[in-house]
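For reference, the chains in residue letters:
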Amino acid sequence: MKTLIKNGTVVNATGTGLADVLIDGETIAAVLAPGSTLLGFDLERNVDTVIEAAGKYVIPGGIDAHTHMQMPFGGTEASDTFETGTRAAAHGGTTSIVDFVVQYAGENVLDQYKAWHEKAAGQCAIDYGFHQILSDVQDSSLVAMDELVAEGVSSFKMFMAYKGVFLSDDGQIVKAMQKGAENGALMMMHAENGSVIDLLVEQAVRAGNTSPYNHGLTRPWQAEEEATHRAIMLANLTGAPLYVVHVSAKQAVDQIATARDNGQNVFGETCPQYLYLSLEDNLGAQSDEWGAFEGAKWVCSTPLRSKAEGHQHHMWQALRTNDIQMVSTDHCPFCMKGQKDMGLTDFSKIPNGIGSVEHRMDLMYQGVVDGHISLSRWVELTSTTPARMFGMYGKKGVIQPGADGDIVVYDPNGHTSIGVGKTHHMNMDYSAYEGYEIDGHVDTVLSRGKVVVDDNRYLGTKGDGKFFKRGLSQYLI
Ligand code: DUC
Ligand code: ZN
Ligand code: ZN
Ligand code: ZN
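Residues numbered from 1 in each chain as written. Chains lettered and ligands numbered in written order. Predicted model: local features only at pLDDT ≥ 70, side-chain atom pairs only at ≥ 80, totals over all residues.

Draft legend 1. Highlighting the site of ligand 1. Inspection of the region around ligand 1 gives His-68, Phe-73, His-190, Cys-300, Ser-301, Asp-330, Cys-332, Asn-352 and Gly-353 as its neighbouring residues. Split by residue class, the shell around ligand 1 holds three nonpolar, five polar and one charged. (Near = placed C-beta within 6 Å. Nonpolar A, V, L, I, M, F, W, Y, C, P; charged D, E, K, R; others polar.)

Draft legend 2. Inspection of helix 11 (residues 311–321) at higher detail. All of the buried residues in helix 11 are His-311, Gln-312, Met-315, Ala-318 and Leu-319. On an axial view of helix 11, the arc spanned by its buried residues comes to 115°, and they lie on one face. Of the surrounding secondary structure, the elements contacted by the buried residues of helix 11 are helix 8 (250–261), strand 16 (266–270), helix 9 (272–276) and helix 13 (375–389). Directly after helix 11, the chain includes Asn-322, whose backbone phi takes a positive value near 70°. (Buried ≥ 20, exposed ≤ 12 C-beta atoms within 10 Å, placed from the backbone. Helix = DSSP H or I, 4+ residues; strand = E, 2+ residues; numbered from the N terminus. Arc of directions from axis to C-beta. Contact = placed C-beta atoms within 7 Å.)

Draft legend 3. How the structure looks around the packing of helix 4 (residues 170–183) against helix 7 (residues 221–238). As a packed pair, helix 4 and helix 7 sit with axes 9 Å apart at the nearest point and diverge in direction by 45°. As far as their axial angle goes, helix 7 and helix 4 are oblique. Crossing angle aside, the handedness with which helix 4 passes helix 7 is right-handed. Facing Asp-170, Ile-173, Val-174, Met-177, Gln-178 and Ala-181 of helix 4, the residues of helix 7 in contact are Leu-234, Ala-235, Leu-237 and Thr-238. Of the residues contributing to the contact of helix 4 with helix 7, the split by class is seven nonpolar, two polar and one charged. (Axes fitted to C-alpha atoms, helices over the stretch in contact; angles between N-to-C directions. Parallel < 35°, antiparallel > 145°, perpendicular 65-115°, else oblique. Left-handed = near helix turned anticlockwise from the far one by under 90°.)

Draft legend 4. Inspection of the UniProt feature "modified residue: N6-carboxylysine" (unreviewed entry) in the protein chain at higher detail. Taken from the UniProt record, the annotation "modified residue: N6-carboxylysine" (unreviewed entry) applies to Lys-157. Within the fold, Lys-157 resides in strand 13 (residues 155–159). Setting aside anything within four residues of it in sequence, one finds Lys-157 in contact with Phe-100, His-131, Ile-133, Met-188, His-190 and Val-245. (UniProt positions renumbered as here; feature names shortened; annotations may be inferred.)

Draft legend 5. Representation of the UniProt feature "domain: Amidohydrolase-related" (unreviewed entry) in the protein chain in the model. The UniProt record annotates "domain: Amidohydrolase-related" (unreviewed entry) at residues 57–452. End-to-end, the C-alpha atoms of residues 57–452 are 18 Å apart, and along that stretch the chain is 36% helix and 17% strand.

Draft legend 6. Broad picture of unusual backbone geometry. Geometrically, the link from Ser-301 to Thr-302 is a cis peptide bond, its omega value of 0° lying close to zero. Relative to the helices and strands, Thr-302 resides in the loop between helix 10 (279–283) and helix 11. Even without a glycine there, the phi angle at Asn-7 is positive, about 65°. Residue position: Asn-7 is located in strand 1 (residues 2–12). Despite not being glycine, Asp-330 shows a phi value in the positive range, around 55°. The exposure class of Asp-330 is buried, given the 27 C-beta atoms found within 10 Å.

And the structure:
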């Protein structure tokens, strides 16, 4: 099976140019000047499929390196399965995800790793990899870290919040980081001061402040800045490379920037919700159906930050200057009915999470249209850096011979309306971006050479997506 994508504008992180892309089987065979022949062969006549891409961008498929499909959490389970979540991702131009295997306190790491493979195998529309979450750090967990790196799971996430669920104390964090420094794994951190948050939540609930808005107020930026600084210092002490997930506070950005200026291997990820949504949206939330509980739609952690304080503006700036290196979604979807509404009378019972795996590429493209980032930076933030950061580059994250045929044909003259019943294939009964209009459109999506989405139609098959064995990070200084 050979496919030619012709006359498109190929956009890589390194630059942009008119080119034809020839895909042979699952792999990109050549990137050629438009209309080229190859050893005298008229390409167009010798391929099975021709995709006309004049006036469109041809980009490496998106890589969402932070998703939680069917994760048990907050007394329920994230509402997208590996099947529904990866299909929605494909619709939105994402061709790989890296999801999280969860070890809750008391569980065995390798047992959980096996269990997650069983959940995902044969279900996915696109390729997937795993990070491993470590909660309590048992001796067996340290041995497992070596085995997992050899298995292609080269990154480990830890939490400074969520006591009794995920939280590791500083000693446990240092123990795991020492192992990361030794075996080359990238250590990932949910950086929020959990004991401070737990206290503020308890005080708010006791005072009768139980609406969703209080979620944001009880997770202040100081708790994020402090934990980010502490994580950086623990990484500095051990020599482990550190990746801070879902950075939302401008003060946390500055901690990361300072560490990077000091030459430390510290990286930061943000998410579309911290660029587009704010605490004020949550405060103003009101609907006929839910009243002020409407705000539960935007309850996630780290929380949305105040627009008046300038966090969103600072975050776009950090994406331009590379103080923040990439954008993932932290896709952790829950329905309002039967899930979020567990917190109807107490915000602390609302399962934390926003689902947006389908919209990341579009929302970030809107950042290009609005003048926040360049076209190449769009590709870098959503595909190339995720590939390099998590040891997938070469096969993923770039359009070049030898790379997987993971390609999106993106139409800058197209249009996308976001919302339930529109571009929404996620298993959620609401959209966090209801009513958003995007000045662009995902036209055609190829996963390893196969067209899986064309003009909003899903043409793939469950199980097309395969486990991707990752190497060590290719982004370290
Ligand atoms: N944040 C969320 O919003 N959901 C899952 C876990 C997390 O850290
Ligand atoms: Zn987290
Ligand atoms: Zn997460
Ligand atoms: Zn279109």
